[in-house]
Each structure stands twice: as C-alpha cells, then as structure tokens.
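Chain by chain, the residues run as shown.
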Amino acid sequence: MNELTPKEALKWLDGTLAEFHPRESYEDVLRPMKWMTINIVKEERAAFVGALKILLKRDKKSPPNLVLDLAVHHRLTELKPELEAVANAMEKSDGYPAYFREFVQPFRNKLEKL
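A brief look at the structure comes next. (Residues numbered from 1 in each chain as written. Predicted model: local features only at pLDDT ≥ 70, side-chain atom pairs only at ≥ 80, totals over all residues. Heavy atoms only, no water.)

1. Observations regarding the pattern of salt bridges
The following threshold applies: Should a side-chain nitrogen of Lys or Arg be within 4 Å of a carboxyl oxygen of Asp or Glu, the pair is scored as a salt bridge. Put simply, DSSP H or I for four residues or longer makes a helix, DSSP E for two residues or longer makes a strand, and each gets a number counted from the N terminus. Exposure is judged per residue with a 1.4 Å probe applied to protein chains only, and the accessible area is read against the type maximum: over 50% gives exposed, under 20% gives buried, and values in between give partly exposed.
Per the counting criterion, the structure on display carries 6 salt bridges. Here Asp-14 makes a salt bridge to Arg-58, at a shortest N to O gap of 2.9 Å. Pair noted here: Asp-14 is in helix α1 (residues 6-18) and Arg-58 is in helix α4 (residues 45-58), with a separation of 44 residues, a long-range link. A residue is classified by how much of its surface remains accessible, and Asp-14, at 28% relative accessible area, is partly exposed. Take Arg-58: its relative accessible area is 45%, and that puts it in the partly exposed class. Salt-bridge contacts for Glu-78 lead to Arg-45; the nearest nitrogen and oxygen are separated by 2.8 Å. Here Glu-78, found in the loop between α5 (65-74) and α6 (80-92), pairs with Arg-45, found in helix α4; they are 33 residues apart in sequence, far enough to count as distant. Judged by its relative accessible area of 29%, Arg-45 is partly exposed.

This is the structure in structure tokens:
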C-alpha cells in the first residue's frame, strides 16, 4: 500500500466535509468526523496531521475549531505548535477577523487538553 500524502489526505478531508449540509450544526459535523477519522489517524497519521496543518494555513475565514477538536480527540500532539501559533494570530487579528479574539480563550482552554 502506498503512503498517503498530506495533499491526498486533505482531498479526502475536504470531500468528507463537503458531504455535510452547510446548515448542519458544528456538533452534528464534529461527532461523525471524530468517528470517520479514526482509521486515517491509525493508518496514515503523518499524512492526516499534514493535511490539518495545510487546513490551518488555508482557511482563516472560519474558526479552526475542527482542527483543534480532532487534534484533541485523536491526541495529535504534533499539531500543538501550529495551534498555539493560530491562537496567537487570532488574538492579534493577524490574518483572522477581529471578532475571532472572543474565541481565543476557549480555544486556549481546549488546547490545554492536547
């Protein structure tokens, strides 16, 4: 079996997320995503972590909660430096909308669990 690349894992992740209705609540997306990502984390951890890193850099229009929640759920400690950098950037509105500042403390609280 060929190893998955981060870009291939991101393509899988994007395709999986696209299957959810845009009006579904965050919790209704997160619950199945935790379950659906178990195998990719077990079998292709490095690629999945790489995909989440790309996602963090790419998508600054929505809070990075999905990446954080998946990282905490699967104990993807490799993402901690990137997630800390995201929290700092959100706090400074560096590439993120100013209103994201209100999400920083809950984000940091959850990050402590990683």
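2. Side note on the packing of aromatic side chains
Applied cut-off: Side-chain rings of Phe, Tyr and Trp (the six-membered ring for Trp) are treated as a pair once their centres are within 6.5 Å; stacked means planes under 30 degrees apart, edge-to-face means over 60, and tilted covers the remaining angles.
A complete count under the given rule lists 4 aromatic pairs for this structure. Both rings, one in Tyr-99 and one in Phe-100, keep their centres 5.0 Å apart while their planes meet at 85°; by these two values the pair is edge-to-face. For Phe-100, a relative accessible area of 0% puts it in the buried group. Both rings, one in Phe-100 and one in Phe-103, keep their centres 5.6 Å apart while their planes meet at 70°; by these two values the pair is edge-to-face.

3. Comments concerning α1
We count it as follows: Take the residue count of a helix, subtract one, and multiply by 1.5 Å to get its expected span. Taking the helix axis as origin, the arc is that swept by the directions to the C-beta atoms. Two residues form a contact once any of their heavy atoms are found within 4.5 Å.
Under the 1.5 Å per step criterion, the end-to-end length of α1 is 18 Å for 13 residues, consistent within 8% with the ideal 18 Å. Taken together, the buried positions of α1 are occupied by Ala-9, Leu-10, Leu-13 and Thr-16. The buried residues of α1 occupy an angular sector of 125° when the element is viewed end-on, so they sit on one face. Exposed and facing more than 90 degrees away from the buried side of α1 are Lys-7, Lys-11 and Ala-18. The elements touched by buried residues of α1 are α2 (26-36), α3 (38-43) and α4.

4. Regarding the layout of surface pockets
Rolled over the atoms, a probe sized like a water molecule indicates the empty space that remains. Put simply, the test is: Cavity and pocket criteria rest on a 1 Å grid covering protein atoms alone: a 1.4 Å probe that fits but cannot get out defines a cavity, protein on both sides within 12 Å along at least 5 of 7 lines defines an open pocket, and an atom within 4 Å of a point defines a lining residue. Grid points are joined across faces, edges and corners, and a volume is the space filled by probe spheres set on the points.
What the largest pocket holds in volume is close to 340 Å³. Taken together, 17 residues form the lining of the largest pocket, with Leu-17, Asp-59, Ser-62, Pro-63 and Leu-66 sitting closest to its centre. Listing elements by their share of the lining of the largest pocket, those giving two or more residues are α2, α4 and α5. Take the lining of the largest pocket: its biggest share by element is 3 residues, from α4.

5. Observations regarding the environment of Ala-89
Along the polypeptide, Ala-89 turns up in helix α6. Once the C-alpha coordinates of Ala-89 and Arg-101 are considered, the two residues, 12 residues apart in sequence, prove to be 9.2 Å apart. The residues touching Ala-89, leaving out its near neighbours within four places in the chain, are Asp-94 and Tyr-96.

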